[in-house]
Amino acid sequence: MIRVTIWNEFYHEKTEENVKALYPNGLHATIKEQLEKIAADEYEIRLADIDMPEHGLTDDVLNNTDVLIWWGHCRHGLVDDAIAAKVVDHVHRGMGFIALHSSHLSKPFVKLMGTPCTLRWRCIDEHARMWKVDRTHPITRGLPDSFELEAEEMYGEPFLIPKPDDLLWVTWYAGGEICRSACTYERGFGKVFYFQPGHETCPSYYNPYVIQIIKNAIDWANPGQDRIPLCCDSQPPFEKIEK
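Residues numbered from 1 in each chain as written. Predicted model: local features only at pLDDT ≥ 70, side-chain atom pairs only at ≥ 80, totals over all residues. Heavy atoms only, no water.

1. Looking at the pattern of salt bridges
What the rule picks out here adds up to 17 salt bridges. Across the pair E148 and R129 runs a salt bridge whose closest N-O atoms are separated by 3.2 Å. Here E148, found in strand 6 (residues 146-156), pairs with R129, found in strand 5 (residues 120-132); they are 19 residues apart in sequence, far enough to count as distant. On the basis of relative accessibility, which here comes to 24%, the residue R129 falls in the partly exposed class. The salt bridge involving E242 is made with K240; its shortest N-O contact spans 3.9 Å. Summarising the burial analysis for this pair, E242 and K240 share the class exposed. Sharing partners across several salt bridges, the network here consists of K14, D51 and R75. (Salt bridge = Lys/Arg side-chain N within 4 Å of Asp/Glu carboxyl O. Helix = DSSP H or I, 4+ residues; strand = E, 2+ residues; numbered from the N terminus. Buried < 20%, exposed > 50% of the residue type's maximum accessible area, 1.4 Å probe, protein only.)

2. Considering the nonpolar core
In summary, soluble globular proteins display a tendency toward joint burial of nonpolar side chains. L57, F97, F193 and I218 are the most contacted members of the largest nonpolar core, which has 67 residues in total. Of all the elements, helix 7 (residues 208-221) adds the most residues to this core, at eight residues. Ignoring any residue separated from it by four or fewer positions in sequence, one finds I218 in contact with I2, V4, L35, Y43, V67, I69 and I98. (Core = buried A, V, L, I, M, F, W, Y, C linked by side-chain atoms within 4.5 Å. Contact = heavy atoms within 4.5 Å.)

3. Looking at the sheet that holds strand 7 (residues 166-173)
Strands in a sheet are paired, the pairing made by backbone hydrogen bonds, and the direction either parallel or antiparallel. What the nine strands build is an open sheet, ordered 2-1-3-4-9-8-7-5-6; its pairing is mixed. Since the sheet does not close on itself, it has two edges, and those belong to strand 2 (43-49) and strand 6, each with one partner. Put simply, the sheet's adjacent strands are angled 25° from each other on average, direction ignored. The sheet contact formed by strand 8 (residues 178-187) and strand 9 (residues 190-195) spans six bridges and is antiparallel. Its bridge partner being in strand 9, R187 is matched across the sheet by G190. Sitting on the sheet, helix 3 (residues 27-39) is in contact with strand 1 (2-8), strand 2, strand 3 (67-71) and strand 4 (96-100), with an inclination near 175° to strand 2. In the packing of helix 7 onto the sheet, the strands contacted are strand 1, strand 2, strand 3, strand 4, strand 6, strand 7, strand 8 and strand 9, and the crossing angle to strand 9 comes to about 165°. (Pairing = 2+ DSSP bridges. Axes fitted to C-alpha atoms, helices over the stretch in contact; angles between N-to-C directions.)

4. Here we look at the packing of aromatic side chains
Counted by the stated rule, this structure contains eight aromatic pairs. With a centroid separation of 6.2 Å and 45° between ring planes, the pair formed by W70 and F97 is classed as tilted. Residue W70 is found in strand 3, and its partner F97 is found in strand 4; the two are separated by 27 residues along the sequence. Residue class for F97 comes out buried when judged on its relative accessible area of 0%. Seen in terms of ring centroids, F109 and Y194 are 5.6 Å apart; in terms of plane orientation they differ by 40°. Their pairing is tilted. Of this pair, F109 sits in helix 6 (residues 107-113) while Y194 sits in strand 9, and the two are 85 residues apart along the sequence. By relative accessible area, F109 is classed as buried at 0%. Put simply, the rings of W7, W70 and F97 touch in pairs and so form one group of aromatic residues. (Phe/Tyr/Trp six-rings, centres within 6.5 Å; stacked < 30°, edge-to-face > 60°.)

5. Digging into the pairing of strand 7
Where strand 5 lies against strand 7, five bridges are found, and the strand directions are antiparallel. Across the sheet, M130 pairs through a bridge with T171, a residue of strand 7. What sits between strand 7 and strand 8 in their antiparallel hairpin is a turn of four residues, with G176 showing a positive phi close to 110°.

6. Digging into helix 5 (residues 81-92)
Here helix 5 spans 17 Å end to end across 12 residues, near enough to the 16 Å set by a 1.5 Å rise per residue. Among the residues of helix 5, those classed as buried are I83, A84, K86, V87, V88, H90 and V91. Of the surrounding secondary structure, the elements contacted by the buried residues of helix 5 are helix 4 (59-63), strand 3, strand 4, helix 6, strand 8 and strand 9. Regarding helix 5, its N-cap is D80, as a side-chain oxygen of that residue lies 2.8 Å from the backbone nitrogen of A82 further along. (Expected span 1.5 Å × (residues − 1). Polar contact = N/O pair within 3.5 Å; in protein donor to acceptor, adjacent residues only side chain to side chain.)

Structure follows, in structure tokens:
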């Protein structure tokens, strides 16, 4: 089974009634529930949030996580720098990392990208259509060429991320903007997926296509092995060198 940890800052669900009504146990719990509906026997899922000791990301948790899913929004600055650095180190050594929605500004994602990761935004819960632009990638398989989101926060270009290894979806919003909304990267030995849908006031994590994409991303990002050591050691020659 793939060991998945879903991390959430878990703030809006406790402080805003409309968000609590939509995600009563937290966005992370909803994602877990939706994944288990379609793949209960494939994943071992644990939940973690910012208010747990070490933000729920102890050495034991990270050492036993194949893929880490991250959702953050307004508490990025409260994430301990040392914890963010540990997450980045684990990604470099092979752990998969999926950054959802406003996690584009999370400390781990920004460190992994090495760019500001800023973008344009507008939050009026508007209609959006996601267009698949790569039919061959494992994350896009089984998904239609396009699908609609009844309401989402607009994220628009320029989106200051590095050029993606693979651009999988582009989203068009009713206001006219577009966004590179699903991108992959390799960092060290780890795989990273950024996926835009998931504003806390929108029901995107109940959308079957959104959940299928997250599932496909977990399967793609799973390293299938233990952490790989990072080394920068002096290496003796394998062959005899004649001088």
